[in-house]
Amino acid sequence: MMQMLSSRMRYNTPVYDQGLLWVTLILLGIGLVMVYSSSIALAEADRATGHQSTYYLVRHSIYLVISLSAAAITFQIPTQLWQKMAPYLFLVGMVTLALVLIPGIGREVNGSRRWISLFVVTIQPSEFMKLLVAVYAADYTLRKAAVMDSFTKGFFPMLLVMFVVGSLLLMEPDFGAFAVISTITISILWLGGINIRIFIGMIGMLVVGFVLLIWSSPYRLQRIIGFMDPWADPYGKGYQLSHALIAFGRGEWFGVGLGASVEKLLYLPEAHTDFLLAVIAEELGFVGVLTIIGLFSWLVIRAFAIGREAIGNERYFSALLAQGIGVWIGVQAIINIGVNMGLLPTKGLTLPLLSFGGSGILANCIALAVLMRIDFENRRIQKGLPV
């Protein structure tokens, strides 16, 4: 009797991770509400939007529909196919990064050339490259598993590839995407068993590289100076950060109320994108920010748990990919939250799943669909079913 009951329970367990799905939908829902709240004043003031207060709400809703549809399709793709196509997908990603730099194809906004115009919409290749790098790094680590202790055979080829990707990103320039992609690559190599001496050397090289990039670029250096003391020049280098901190201060514990933010009234730049969390802090307070942090923490922890389950099923590519996605979401969220709170220098990185932006939302949803597929395959294997 107990054996029959155990068998029935085993086959009646959900075929997908309901918690992962609901946390994702909750974050997307919060993002939709807060994008609308933070963008009303901007939409009404901008002639290009036709002074329609719902301009960004409508666009963001369309992005969500497209992204969730793409996620549903992605969920049907077996993980094995991602592994098989990894080198080709990575090559496509590098081509799109190169296309961005070509005048007439790449679109320049605020001095950065990061977008490709497709007439009706624009796409940002660096957002999708984060997923493609995770897929490629996971596949590379497995293919080179026997020589990962060797600098020349294991690490150096990957270093060359990432140097090309980094160069393309810095030419846009997109320092934030470069930082996230570098972290994803290093993390997957570390999780895949790279030699500890190579790993430490790689960390050292990156630190030195980041310092040199900041020191050699006047605008990056100015951002660091503004970050160190935003109140020294609150109308110049420290403008964004000072207004973000004012928003956090006004929010206190429970916020001033949904829709009641003052900083979003054209005081805080990029309120609906890079500094969305500052508006959340002002309107929903410390409790709202803590809720966002808690949801992201759960998401990252669950990604690593799914990776461990895949290791138990001897599906090592799936394990590395799941954990790489967790690193991506976690690191980008940490950077954005740190920037909004004045803990990190100002950087143009959106808050995953929440900030306005079609490419970012689409890439995040596709990545989480891949993560759900890995969990789905784990559950099938544990039931003794084919994947």
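See the structure shown above.
For clarity, every value in this text was computed on a predicted model and none was experimentally measured.

Reading the values: the criteria
Residues numbered from 1 in each chain as written. Predicted model: local features only at pLDDT ≥ 70, side-chain atom pairs only at ≥ 80, totals over all residues. Heavy atoms only, no water. Axes fitted to C-alpha atoms, helices over the stretch in contact; angles between N-to-C directions. Helix = DSSP H or I, 4+ residues; strand = E, 2+ residues; numbered from the N terminus. Parallel < 35°, antiparallel > 145°, perpendicular 65-115°, else oblique. Left-handed = near helix turned anticlockwise from the far one by under 90°. Contact = heavy atoms within 4.5 Å. Nonpolar A, V, L, I, M, F, W, Y, C, P; charged D, E, K, R; others polar. Buried < 20%, exposed > 50% of the residue type's maximum accessible area, 1.4 Å probe, protein only. Polar contact = N/O pair within 3.5 Å; in protein donor to acceptor, adjacent residues only side chain to side chain. Pairing = 2+ DSSP bridges. Salt bridge = Lys/Arg side-chain N within 4 Å of Asp/Glu carboxyl O. Core = buried A, V, L, I, M, F, W, Y, C linked by side-chain atoms within 4.5 Å. Expected span 1.5 Å × (residues − 1).

S.K.: Sorry if this is basic, but what is going on with the packing of helix H6 (residues 151-171) against helix H7 (residues 175-191) here?
M.R.: For any two helices packed against each other, the geometry comes down to the angle between their axes and how far apart the axes lie. Relative orientation of the contacting elements H6 and H7 amounts to 165°, with a least axis distance of 9 Å. On the basis of their axis angle, the class for H6 and H7 is roughly antiparallel. Handedness of the crossing formed by H6 with H7: right-handed. Contact residues: H6 offers Phe 155, Met 158, Met 162, Val 165, Gly 166, Leu 169 and Leu 170, while H7 offers Phe 175, Ala 177, Phe 178, Ile 181, Thr 185 and Leu 189. When grouped by side-chain class, the residues that make up the contact of H6 with H7 number eleven nonpolar, two polar and no charged.

S.K.: I would appreciate a short explanation of the side chain of Thr 74 in the present structure.
M.R.: Within the secondary structure, Thr 74 is located in helix H3 (residues 55-74). Note on Thr 74: relative accessible area 7%, which makes it buried. Of note is the side chain of Thr 74, whose polar atom sits 2.7 Å from the backbone oxygen of Ala 70. Setting aside residues no more than four positions away along its own chain, Thr 74 makes contact with Trp 82, Ile 366, Ala 369 and Val 370.

S.K.: Looking at this structure, I do not really get the sheet that holds strand S3 (residues 121-123). What am I missing?
M.R.: By way of backbone hydrogen bonds, the strands of a sheet pair with one another, either parallel or antiparallel. Reading across from one edge, S1-S2-S3 is the order of the three strands in this open sheet, with antiparallel pairing throughout. The outermost strands of the open sheet, each flanked by one partner alone, are strand S1 (106-109) and S3. Shown here is a sheet whose adjacent strand axes are inclined to one another by a mean of 50°, direction ignored. As paired strands, S1 and strand S2 (residues 112-118) are joined by four bridges and run antiparallel to one another. Counted as the bridge partner of Val 109 is Ser 112 from S2.

S.K.: How do you make sense of the pattern of salt bridges when you look at a structure like this?
M.R.: Should the charged atoms of two oppositely charged side chains come close, the side chains can pair. One pass over the structure, following the stated rule, counts ten salt bridges. Between Asp 17 and Arg 302 there is a salt bridge; the shortest N-O distance is 2.4 Å. Of this pair, Asp 17 sits in the loop between helix H1 (2-12) and helix H2 (18-45) while Arg 302 sits in helix H11 (residues 276-312), and the two are 285 residues apart along the sequence. With respect to burial, Asp 17 and Arg 302 carry one shared label: buried. Between Glu 309 and Arg 302 there is a salt bridge, and its shortest N-O distance comes to 3.4 Å. Exposure remark for Glu 309: the relative accessible area of 28% places this residue in the partly exposed category. By relative accessible area, which is 15% here, Arg 302 ends up buried. Each of Asp 17, Arg 302, Glu 309, Asp 375 and Arg 379 takes part in a single network of salt bridges with overlapping partners.

S.K.: Could you clarify how one ought to interpret the nonpolar core in this entry?
M.R.: Within the largest apolar cluster, 100 residues are counted, with the highest numbers of intra-cluster contacts made by Leu 27, Met 129, Val 165, Leu 321 and Leu 354. The residues touching Leu 354, leaving out its near neighbours within four places in the chain, are Leu 27, Ile 30, Gly 31, Val 35, His 60, Leu 276, Ile 280, Ile 292, Phe 296 and Ile 361.

S.K.: What's the story with the pairing of S2 in this structure? I'm lost.
M.R.: Consecutive side chains along a regular strand alternate between the two faces of the sheet. Extensive coverage of S2 is indicated by the burial of five of its seven residues. Between S1 and S2, which pair antiparallel one after the other, the connecting turn spans two residues, and Asn 110 there sits at a positive phi close to 55°. When S2 meets S3, the two strands line up antiparallel, connected through three bridges. Across the sheet, the residue bridging to Ile 116 is Ile 123, located in S3. In sequence, S2 turns back onto S3 through a hairpin of two residues, with Phe 119 there showing a positive phi of about 65°.

S.K.: How do you make sense of the environment of Ile 181 when you look at a structure like this?
M.R.: Turning to its location among the elements, Ile 181 is positioned in helix H7. The class for Ile 181 is buried, based on a relative accessible area of 1%. Counting along the chain gives 54 residues from Ile 181 to Glu 127, while the straight-line C-alpha distance between them is 9.6 Å. In this view, Ile 181 contacts Ser 126, Met 129, Lys 130, Val 133, Met 162, Val 165 and Leu 169; residues no more than four positions away in its chain are not counted.

S.K.: Whenever I open this one, unusual backbone geometry confuses me. Can you help?
M.R.: Peptide bonds are, in most cases, trans, and in most cases residues other than glycine have a negative phi. Cis geometry is adopted by the peptide bond preceding Pro 173, which originates at Glu 172 and carries an omega value of -5°. Mapped onto the elements of the fold, Pro 173 is located in the loop between H6 and H7. Despite not being glycine, Leu 266 shows a phi value in the positive range, around 70°. Its identity as a non-glycine residue notwithstanding, Glu 314 has a phi of 60°, on the positive side.

S.K.: How do you make sense of helix H12 (residues 316-340) when you look at a structure like this?
M.R.: An α-helical segment advances 3.6 residues per turn. Residues three or four places apart therefore align on the same side. Its 25 residues place the ends of H12 36 Å apart at the C-alpha level, agreeing with the 36 Å of an ideal helix rising 1.5 Å per residue. The element H12 is extensively covered by neighbouring structure, given that 23 of its 25 residues are classed as buried. Downstream of H12 by one or two residues, Gly 342 has phi in the positive range, about 80°.

S.K.: Which parts of the structure should I look at to understand the environment of Ala 367?
M.R.: Secondary-structure assignment places Ala 367 in helix H13 (residues 358-382). Note: C-alpha distance between Ala 367 and Ala 322 (45 residues apart in sequence) is 9.0 Å.

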